[in-house]
Amino acid sequence: MPSLTGRRADKAGGDDDSRRLRARAVWGAAPVAGPAGAALAALGIAEASAGEAVTGTLLGNISVGTAEVIQFAMFAGVMGAALLSAIWLIRERARTAAQNLALRARVAELGAALQRSDALLNLRDQRVVSWTNGADKPDLVGTLPPGTGAPEERGAFFAFGRWMVPQSAAALERAIAQLREEALGFDIVVETQSGSPLEVQGRRSAAFTIVRFLSLTETERRFARLRLEHQRLLAQHEAVLGLVDALAMPAWLRAPDGRLQWVNTAFAKSVDARDSAAALESGREFLGTQARDAIARHHSDKPVYEDSLSTVVGGDRKVFRVTSFAGEGGSAGIALDVSEADAIRADFESMVRSHADTLDQLTTAVAIFDADQKLRFFNQAFQKLWSLDTGFLDSAPDNTLLLDRLRSEGKLAEQPEWRRWKENLLASYRALEPKDHWWHLPDGRTLRVIANPQPRGGVTWIFENLTEKIDLESKYNTAVRVQGETLDNLAEGVAVFGPDGRIRLSNPAFATLWNLEPQQAAAGTHIGAIRKLCEGRAAESPWGEFVAAATGFDDERRDRHGQTELVDGSILRYAILPLPNGQVMFTFVDVTDSVNVERALTDKNEALEKADRIKNDFLQHVSYELRSPLTNIIGFTDLLALGGTGPLTPKQREYVDHIGSSSSVLLTIVNDILDLATVDAGVMELDIAEVEIAHAVNAAADLVSERFKEHGIDLSIDLDAAPVSFHADENRLRQILFNLLSNAANYAPANSTVDLECKAMADGVEFRVHDNGPGISPEVLDTIFKRFEPRSNGGRRRGAGLGLSIVKSFVELHGGSVELISNKDSGTTVICRFPLSPEGVRAAAE
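Residues numbered from 1 in each chain as written. Predicted model: local features only at pLDDT ≥ 70, side-chain atom pairs only at ≥ 80, totals over all residues. Heavy atoms only, no water.

Asker: Can you lay out the overall build of the protein for me, pointing to particular residues and giving the numbers?
Answerer: From N to C terminus, the protein includes 26 helices and 27 strands. Buried residues in the protein amount to 33% of all 846 residues. Contacts spanning at least 24 positions in sequence make up 50% of the contacts within the protein whose residues lie at least 6 apart. Within the structure as shown, the protein displays about 50500 Å² of accessible surface, and the carbon and sulfur contribution to it stands at 55%. (Helix = DSSP H or I, 4+ residues; strand = E, 2+ residues; numbered from the N terminus. Buried < 20%, exposed > 50% of the residue type's maximum accessible area, 1.4 Å probe, protein only. Contact = heavy atoms within 4.5 Å. Areas by Shrake-Rupley, 256 points an atom, 1.4 Å probe, with all protein chains shown as cover.)

Asker: Could you give an account of the packing of aromatic side chains, with specific residues and numbers?
Answerer: Evaluation of the coordinates by the stated rule reveals 31 aromatic pairs. One Lys or Arg, arginine 127, reaches over the ring of phenylalanine 157 and ends 4.7 Å from the middle of that ring. Against the face of phenylalanine 392 rests arginine 405, its NZ or CZ located 4.1 Å from the ring centre. (Phe/Tyr/Trp six-rings, centres within 6.5 Å; stacked < 30°, edge-to-face > 60°. Lys NZ or Arg CZ within 6 Å of the ring centre and 35° of its normal.)

Asker: How would you summarise the packing of helix H24 (residues 730-747) against helix H26 (residues 803-813) if you had to cite specific residues and measurements?
Answerer: Describing two packed helices takes the angle between their axes plus the distance from one axis to the other. Where H24 meets H26, the closest approach of the two axes is 9 Å, and the angle between their N-to-C directions is 145 degrees. Crossing angle aside, the handedness with which H24 passes H26 is left-handed. Along the contact surface, H24 presents Arg732, Gln735, Ile736, Asn739 and Leu740, while H26 presents Gly803, Leu804, Ile806, Val807, Phe810 and Val811. Residue composition of the contact of H24 with H26, grouped by class: seven nonpolar, three polar and one charged. (Axes fitted to C-alpha atoms, helices over the stretch in contact; angles between N-to-C directions. Left-handed = near helix turned anticlockwise from the far one by under 90°. Nonpolar A, V, L, I, M, F, W, Y, C, P; charged D, E, K, R; others polar.)

Asker: Describe the pairing of strand S8 (residues 304-313), listing the residues and the values that go with them.
Answerer: When a strand is regular, its side chains alternate between the sheet's two faces. Examined bridge by bridge, S8 and strand S9 (residues 316-327) share ten bridges and lie antiparallel to one another. Bridge pairing in S9 places valine 312 opposite arginine 317. Counting the residues between successive antiparallel strands, the hairpin from S8 to S9 contains two residues, one of them, glycine 314, with a positive phi of roughly 65 degrees. (Pairing = 2+ DSSP bridges.)

Asker: Describe unusual backbone geometry, and please don't skip the residues or the numbers.
Answerer: Phi is mostly negative for residues that are not glycine, and the peptide bonds are mostly trans. The phi dihedral of alanine 183 is positive, around 55 degrees, even though this residue is not glycine. With respect to the secondary-structure elements, alanine 183 resides in the loop between helix H6 (166-182) and strand S3 (186-191). You can call alanine 183 partly exposed: its relative accessible area is 44%. With a phi angle near 60 degrees, asparagine 751 is a residue other than glycine that sits in the positive phi range. Here asparagine 751 is to be found in the loop between H24 and strand S24 (753-760).

Asker: Give me the lowdown on the pattern of salt bridges, citing residues and values where you can.
Answerer: It is possible for side chains of opposite charge to pair when their charged atoms get near one another. If you walk through the whole model with that rule in mind, you get 28 salt bridges. A salt bridge links glutamate 92 to arginine 95, with the nearest nitrogen and oxygen atoms 2.4 Å apart. Note that glutamate 92 and arginine 95 are positioned in helix H3 (residues 66-121) at a spacing of three residues, about one turn of the helix. For arginine 95, a relative accessible area of 40% gives the class partly exposed. Of the charged contacts, one joins arginine 259 and aspartate 257 as a salt bridge, the two residues approaching to 2.6 Å between their closest N and O atoms. The same class applies to arginine 259 and to aspartate 257, which are both exposed. When salt bridges with common partners are traced through the structure, they connect Lys759, Glu766, Arg768, Glu819 and Arg833 into a single cluster. (Salt bridge = Lys/Arg side-chain N within 4 Å of Asp/Glu carboxyl O.)

Asker: Explain the nonpolar core to me, using residue names and the numbers behind them.
Answerer: Residues Phe767 and Cys832 are the most contacted members of the largest nonpolar core, which totals 43 residues. Aside from chain neighbours lying at most four places away, what touches phenylalanine 767 is Ile693, Val697, Phe726, Leu733, Leu737, Glu757, Cys758, Val830, Ile831, Cys832 and Phe834. The next biggest cluster of nonpolar side chains, apart from the first, holds 29 residues, and it includes Leu393, Leu412, Leu426 and Ala451. (Core = buried A, V, L, I, M, F, W, Y, C linked by side-chain atoms within 4.5 Å.)

Asker: Report on the packing of helix H18 (residues 527-534) against helix H19 (residues 543-551), specifying residues and quantitative values.
Answerer: Contact geometry of H18 with H19 gives a least axis separation of 10 Å together with a crossing angle of 175 degrees. Accordingly, the angle class assigned to the pair H18 and H19 is roughly antiparallel. Between H18 and H19, the contacting residues are Ile527, Ile530, Arg531 and Cys534 on the first element and Trp543, Gly544, Phe546, Val547, Ala550 and Thr551 on the second. When grouped by side-chain class, the residues that make up the contact of H18 with H19 number seven nonpolar, two polar and one charged. (Parallel < 35°, antiparallel > 145°, perpendicular 65-115°, else oblique.)

Asker: Explain empty space enclosed by the protein to me, using residue names and the numbers behind them.
Answerer: Summed over the entire model, instances satisfying the criterion amount to four cavities of 30 Å³ or more. Each pocket or cavity is described by its volume, and for the largest cavity that value is around 90 Å³. Listing elements by their share of the lining of the largest cavity, those giving two or more residues are strand S11 (365-369), helix H12 (380-386), helix H14 (399-408) and strand S15 (459-465). It is H14 that contributes the most residues to the lining of the largest cavity, four residues altogether. (1 Å grid on protein atoms, 1.4 Å probe; cavity = no way out; pocket = protein on both sides within 12 Å on 5 of 7 lines; lining within 4 Å. Points joined across faces, edges and corners; volume = space filled by probe spheres on them.)

Asker: Outline a negative patch on the surface, listing residues and values.
Answerer: Together, Glu565, Asp568, Asp590 and Asp593 make up a negatively charged patch on the protein surface. Of note, aspartate 593 is situated in helix H20 (residues 592-642). (Patch = residues over 30% accessible without salt bridge, like charges linked within 9 Å, V, L, I, M, F, W, Y side chains within 5 Å. Lys, Arg positive; Asp, Glu negative; His and termini not counted. Charge placed at Lys NZ, Arg CZ, Asp CG, Glu CD.)

Asker: An account of the sheet that holds strand S1 (residues 126-132) is needed here, citing residue identities and associated values.
Answerer: Strand order in the open sheet formed by five strands is S2-S1-S5-S4-S3, and the pairing between neighbours is antiparallel. Both outer strands of the open sheet, strand S2 (139-143) and S3, are each paired with one neighbouring strand and no more. On average, each strand axis in the sheet is inclined to that of its neighbour by 15 degrees, with strand direction left out of account. Direction of pairing for S1 relative to strand S5 (residues 208-215): antiparallel, over a ladder of seven bridges.

Asker: Run through a nonpolar patch on the surface, naming residues and quoting values.
Answerer: On the surface, a cluster of nonpolar side chains totalling about 310 Å² of accessible area is made up of Leu83, Leu84 and Ile87. Within the secondary structure, isoleucine 87 is located in helix H3. Isoleucine 87 sits in the partly exposed class, given a relative accessible area of 43%.

Asker: Describe the environment of valine 704, and please don't skip the residues or the numbers.
Answerer: Inspection of the secondary structure assignment puts valine 704 in the loop between helix H22 (693-703) and helix H23 (705-710). Setting aside chain neighbours within four positions, we find valine 704 in contact with Phe738, Leu741 and Ser742.

Structure follows, in structure tokens:
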């Protein structure tokens, strides 16, 4: 039993292993998923169980335990499930077969529809771009006709800006962006660069975004072009309105009946409205009624109106340049504020005239050419410089013509290459910086020509005549060299100190006069150092004054002069002369000899003055002492001549006459000496009164009548041009005429005529006495008015030499003058000129 049991157990174990292998083989051989797989598995298990049951039956009477029952039950359940699964599987396979047939039919229908769609899309009249929502890469289907200009290649097609006009490309890209981001559909017309219009439609569904490009028929093209033109005009209209609204100039649109349809912001501000809509709503007008009526009347004849009108803006009256255009659909206008522009223009024109007047007064020639090289302005100096006809210059010749004319007239020097020289000159019109040129003219003048380019084109030519400047520089340099040589050879010491007190210039004489070495007075030496060297060489040093003049800050810089004596006996006369730029010049002259001579002359002059005083005192004393005996002699002579003492013989009477005449002459000399002494002493006073000229002349003539008769001399008196009277001292006038006539009687030939003429002058009276005597030689003429210089010179009497001296002194006391004209053998004329009314007593010249 035990062995049998063990065998059964072993057999059972082996059977279990066999069943597991069969089941694993079934599962491994039929890895079918789903119900079919489950059924196949169940069949395998059932087969295994059945095998076991048969085996168990065949083994004999073996008792069935609980495990076997459970296994059997399980087998029965599995078999039932497998049966049910098989039935379900058969029914599903039938339904699946029916669905597959329906799907194949649907696929066939979709394939046909797809072929129809591809055929429709490939008609070469449309192209579709589609995006799956959420995807960035689009699909491209279809083609467009080649004539539209749309490229076939995918990348080139999506570059819309390369084959569409810029406006269409930009509009399409904006529309596609709005379609994809905001699901805004669109229908627009775009224009290719070849001029073909395309209709573009954009739509968006739940899954796709579609953009379709459609080629148009001829009618559609016309309509599309109209749409494009409308879009363009609408965009331009909006742009123009935006621009006009942004302008700071009032602008408006009017309906045909004159009502405002649109105004810009500037219009609203000008009429004090809140905005454009408020201005339209309130109907406020920018221009007054009269101005609007004038514009309307003008538009009835002409479409364009342009004029300056005034209106009130912001409380101020301003002037606007109004331009208005009227068409069939109304009118448009704009107003430009020209108030400030007019004021600026007036100021600019005034400034231009002022500048022109200023330039016209310059001595420097100026000519202004515009950007076209036309002469626009020239001053008088330019016209005079080139001696050109004003009419030619006023005709605005160009620069080339002007240069050619100057060359043809020989006013410009010939150039080796005229054309290149002229092109180089005219290159100034393309230059940015001024250029200088030097012209040496055939007539010897030298010009500095400055070409100054203008910011707006054109060139201003300035012709500066430097001929005189160059000559002056040459002369100046020569003068400097000559001055240096002159200073070096001057005996006068010269030193120039700068404002810093250092020597700028000195000559060798300066160092010599002050006993300095040349290096001690070299340029750059400070005046303080020179002062230390020179201060002990003068008895009273003036170098303190020199230092103050060179380094001081006096408000008033004046010339100063002085003199100093050196310890060696030399005497230096110095001068301090301020120069420009704070410099000071010192000059030193050795006047030792001059001072010594001056001292000797001073001593001699003092001695002479003392001798003259002694002489005058002696003459005055002698004159007074002589008058008394002369008076007695003349008195007693007159008594003897009267015969009161008894009769005289002829011889005695002749002697008495000689005594009387000689005494009278001596008395006259004594009186003349006394008069001259009185004049010299400055105590003579004139008794000025109104003098009748005829009376004074006749009185003087009576005094000399005997002498004239003695020698048969006639006296011719001419008073036709004389005034009736003038103011003078009558006694002195009579004495002057007496001396002149006496002098003429002494020298006039016998039986000749002496002329006495008086005539009125512009500022006085002139007396002229002429005799036909032998005249006066030039060497005697120089001393004719000196005292005590008696000269016979062919005269009948030799006097004391005081007559003409007294004449000169008395005439000059009256404020007049004496002139003597005489030549040998041609007579003598003495001219005495008196003022009409002397200012007073004047001192006579000695």
